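# Structural overview for review
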Amino acid sequence: MKLRWLVPIAFLLPLRSFASNPPVGARVATVTINPNEVTPLHLRPEFESIIRMPEEITSVILGSPGSFKAEHNEGEPEYVYIKPITKQPAQSNLLIATKSGQHVTLELISDGVASSATQPVDFLIEYRASRSFLISSDERLLVAARPADKRAESGGGGVRVAYAIASALEVEFEQQILINAPNWTKWEGKQIETSIGDIRQWINQTVVSYSIYNGSDLAVEIVPPQIQIAGRKVEKKKKKEGKGIISDQLEIRDYKLSTTRLEPGARADGVVVFDRPSFKQSTEKLFLQIAQADEVDRPILVRLPFTPPISAGRQ
């Protein structure tokens, strides 16, 4: 009699154990790069997640190497593989930078092996480059010269080809690249030389194109551009020279930089979009701030006109 009851119990026990571990939900997401936002990445022990960037990755910084493992190699320059290495719940952060100067911040969240966790695991997070919302008034220039921009669409009685619409930032960037011989400005004590291209205005925003050239014998790394407005504070009582200087950084809406590392004789091209104030004091001046990574406290300040010489509409 006892033997007859042992048989069904032996079958029921593994079934109950299996039912208590439901399949893990999986999530695949596409995210637009925004350096001001933090992307949560939900992980689980025994699972590996993938992060894909739109261009080559130059650095990966992991906050807690004791709880998570992040892998990146030159053979797959656009990918980072991340997974928890502890079965206990853990949290940390991950910073990823690309060769054009873009960067993303992720919050790593692992619920551990707790069976009560219902949050889906992020198997793949694919980042795409941020696109400027500024559209050139030159009738939304069609990038017809690039085969990669063509999309075949079926419909009706045949196939038609659609052309991708280029943003104003992309158009300005391409035009700056096509300048074969920019008018370079040398700076005393600096490895790099600079050249300013078009300066355009969309309502109260300004777009500046520029190029950087490494005329030295050593490689140099540059940081993303900044816009500075600076001037001398008006005082009733005269003070010594160098006193009363005021300086503010303006908000940058978007930018694009072809590379941050310049080998000897190499060139980088960039575009920056920023919010220009509607007015300023007579003593204040507007500057494009370009700095080398090894001396950010001694940037190059390129004087910009407060009123851009080229005006364009926006759509």
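Residues numbered from 1 in each chain as written. Predicted model: local features only at pLDDT ≥ 70, side-chain atom pairs only at ≥ 80, totals over all residues. Heavy atoms only, no water.

Let us look at the side chain of Ser-92. Along the chain, Ser-92 falls in strand 7 (residues 90-98). Here the side chain of Ser-92 touches Ser-64 through a polar contact of 2.9 Å, landing on its backbone nitrogen. When residues no more than four places from it in sequence are discounted, the contact partners of Ser-92 are Gly-63, Ser-64, Phe-68, Leu-106, Glu-107 and Leu-108. (Helix = DSSP H or I, 4+ residues; strand = E, 2+ residues; numbered from the N terminus. Polar contact = N/O pair within 3.5 Å; in protein donor to acceptor, adjacent residues only side chain to side chain. Contact = heavy atoms within 4.5 Å.)

Quick look at the pattern of salt bridges now. If you walk through the whole model with that rule in mind, you get 13 salt bridges. Between Arg-253 and Glu-251 there is a salt bridge, with the nearest N and O atoms lying 3.7 Å from each other. Residues joined in a network through salt bridges with shared partners are Arg-52, Glu-78 and Glu-126. (Salt bridge = Lys/Arg side-chain N within 4 Å of Asp/Glu carboxyl O.)

Buried residues dominate strand 20 (residues 285-290), accounting for five of its six residues. Judged from the five bridges that link them, strand 20 and strand 21 (residues 300-304) form a sheet pairing that is antiparallel. Paired with Gln-289 across the bridge in strand 21 is Leu-301. (Buried < 20%, exposed > 50% of the residue type's maximum accessible area, 1.4 Å probe, protein only. Pairing = 2+ DSSP bridges.)

Moving on, we get to the environment of Phe-47. Among the structural elements, Phe-47 can be located in the loop between strand 2 (38-43) and strand 3 (49-52). Looking at Phe-47, the relative accessible area reads 30%, which means it is partly exposed.

Right, let's talk about the sheet that holds strand 13 (residues 205-214) for a bit. With respect to topology, five strands assemble into an open sheet ordered 17-19-13-12-22, the strand pairing being mixed. What marks the edges here is a single partner per strand, and that holds for strand 17 (252-257) and strand 22 (310-311). Two elements, strand 17 and strand 19 (residues 267-275), share five bridges in a ladder whose sense is antiparallel. In the strand pairing of strand 19, Tyr-255 is matched with Val-272.

On to the side chain of Asp-275, then. Inspection of the secondary structure assignment puts Asp-275 in strand 19. With relative accessibility at 17%, the residue Asp-275 sits in the buried group. In terms of polar contacts, Asp-275 uses its side chain to reach the side chain of Gln-205, at 2.8 Å. Within the structure, Asp-275 has its side chain in polar contact with the side chain of Arg-253 (distance 2.8 Å). Each residue touching Asp-275, except ones within four places of it in the same chain, is listed here: Asn-204, Gln-205, Leu-250, Glu-251 and Arg-253.

Before going further, it helps to spend a moment on the packing of aromatic side chains. Following the criterion strictly, the structure yields three aromatic pairs and no others. Measuring from centroid to centroid gives 5.9 Å for Phe-47 and Phe-123, while their planes differ by 25°, and the two rings are stacked. You can see Phe-47 sitting in the loop between strand 2 and strand 3 and its partner Phe-123 sitting in strand 9 (residues 121-128), a full 76 residues away along the chain. Note on Phe-123: relative accessible area 29%, which makes it partly exposed. A centroid spacing of 5.5 Å and a plane angle of 35° characterise the contact between Trp-184 and Tyr-213, whose relative ring orientation is tilted. Here Tyr-213 lies in strand 13 and Trp-184 lies in the loop between helix 2 (168-177) and strand 12 (192-202), a separation of 29 residues in the sequence. (Phe/Tyr/Trp six-rings, centres within 6.5 Å; stacked < 30°, edge-to-face > 60°.)

No statement about biological role is implied by the geometric values presented.
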